[in-house]
Structures are given as structure tokens and as C-alpha cells.
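Architecture and fold: a report
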Amino acid sequence: MVHLTKIYTRSGDRGTTGLGNGSRVAKTHIRVEAYGTVDEANAAIGMAVCEAESIPEIAEVLRNVQNALFDVGADLCTPVGETEQDGDKLRVTEAQTKGLETLIDRFNEDLEPLTSFVLPGGTRLAAALHVARTIVRRSERLTVGLAESEPDNVNGEAVRYLNRLSDLLFVLARWVNRSEAGGGGSGDVLWVPGKDRDA
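A brief look at the structure comes next. Just so it is clear, the model here is predicted, and its values are computed rather than measured.

**Some remarks on the overall build of the chain**
Per the secondary structure count, the chain includes five helices and two strands. Secondary structure of the chain in N-to-C order comes out as β-β-α-α-α-α-α. By residue count, 41% of the 199 residues in the chain fall in the buried class. Summarising the internal contacts of the chain: among those between residues at least 6 apart in sequence, 72% fall at separations of at least 24. When the accessible surface of the chain is totalled, it reaches about 11700 Å², and 51% of it is carbon and sulfur.

**Examining the pattern of salt bridges**
All told, the structure shown has eleven salt bridges when counted by the stated rule. Close ionic contact of glutamate 101 with arginine 164 constitutes a salt bridge, the shortest N to O distance being 2.8 Å. Here the residue glutamate 101 occupies a position in helix α3 (residues 94-108), and arginine 164 occupies one in helix α5 (residues 156-176), the gap between them amounting to 63 residues. Assessed through its relative accessible area of 23%, glutamate 101 is described here as partly exposed. In this structure arginine 164 comes out as partly exposed when scored by relative accessible area, which is 22%.

**Let's talk about the packing of aromatic side chains**
The geometry of an aromatic ring pair is captured by the separation of the ring centres together with the interplanar angle, meaning the angle of the planes. Counted under the stated rule, the structure contains two aromatic pairs. Ring geometry for phenylalanine 107 and tryptophan 175: centres 5.2 Å apart, planes at 85°, overall edge-to-face. Here phenylalanine 107 is found in helix α3, whereas its partner tryptophan 175 is found in helix α5, with 68 residues between them in sequence. Comparing phenylalanine 107 with tryptophan 175 shows no difference in burial state: the two are buried. Arranged with centres 5.8 Å apart and planes meeting at 45°, the rings of phenylalanine 117 and tryptophan 191 form a pair that is tilted. Taken together, the residues span a long stretch of sequence, with phenylalanine 117 in the loop between α3 and α4 (124-149) and tryptophan 191 in the segment after α5 at a distance of 74 residues.

Quick notes on the rules
Residues numbered from 1 in each chain as written. Predicted model: local features only at pLDDT ≥ 70, side-chain atom pairs only at ≥ 80, totals over all residues. Heavy atoms only, no water. Helix = DSSP H or I, 4+ residues; strand = E, 2+ residues; numbered from the N terminus. Buried < 20%, exposed > 50% of the residue type's maximum accessible area, 1.4 Å probe, protein only. Contact = heavy atoms within 4.5 Å. Areas by Shrake-Rupley, 256 points an atom, 1.4 Å probe, with all protein chains shown as cover. Salt bridge = Lys/Arg side-chain N within 4 Å of Asp/Glu carboxyl O. Phe/Tyr/Trp six-rings, centres within 6.5 Å; stacked < 30°, edge-to-face > 60°.

Any functional reading would require information beyond the geometric quantities listed.
Right under this line is the structure:
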């Protein structure tokens, strides 16, 4: 259980921060960049939740994702130990990733096949989901980089979860852009290659 009684500690004033295993690293360390970007993605999803008040089923999905992203952050904050056993630490699980895949399939079945790349936009909610999606993609890239530099100290399921989450946010953005979804959208905003090239 987390118990916070003081917000500032001064322990990071020299440019280091504590990890979940008690060790300290520079605040510029790729591990800190990875879980810090997960936190940034969570904040962006929080903005999307505010835009989703008129679509309760989307708001609920996003709130659940926000909670799970704290699991991802806790996972990345704590390097996998050599003697660690299943259940010793809070780790992202395959079941969490499978849950995202179920949601992707559920919302994607209502969508028309794409004929071009989608431009971020449409409704305010869709735009917010696209912003969150791109931040999740960045967190995924950073986590992959961390896994490459510390292959024995990273839970691979965290990478897979972030990958599926970006896919889910893309699908949700398309779904809410449908006018019948309740978000007031008029469908996908599609890329037209070279549209303004000769303007």
C-alpha cells in the first residue's frame, strides 16, 4: 500500500532518483525516461477521459487503462532481479495484454476497413486519443531501448502491453469519430497523398 505524507523529499536535488529496488540512477537514465513517459501517457489519457464524459463505455475503458499504466510504471521502475520469483514484484501480466486485445477486437469490429492512413483529429476526443497514442508509442520505443540495454532486467510483457495499448487508442479514436458512436464525429479523417503539393 502506498502511503505518502510528504510531497517533497529533496532526495533528487542532485539529479538522481530512487528506483523500486532501492538503487539510485540519474534522472536522465533511460529507465526513468521510459516510466516517466508512461506517466506522461497516463496524463494524456486523463485528458481524453474528460472528453469522454458523453460516452461512458469509452470513459470506463480509459480509466481502467490509467490504472494499468500505474502497474506498467511500477514494473519499469523496478529492475527484474536475478533471483526474483513470480509474484515477488508487481509486474505486467500476459492477461493484461490479452485484455487489451479483446477490447481492440470488440471496438474494431464496428469499423470499416481503412483505405488510407488516418490523420489525427475529427472530434476533440479522437484528437486527445491520438495524442495519447503517440505518447504511448514513445514510451514503447524507450522501453524497447531499455530492454536492449538491460535485457535481463526488463519484463518483456511491459513492451507488449504498450504496443497493444497504442493499437487500442488508435481503434478507439476511429470508433468515436463515427457519428453513431455518440461523439458527433463524421468518420475518419484520411491522408490524401500530395494533396497540397501543387497548391
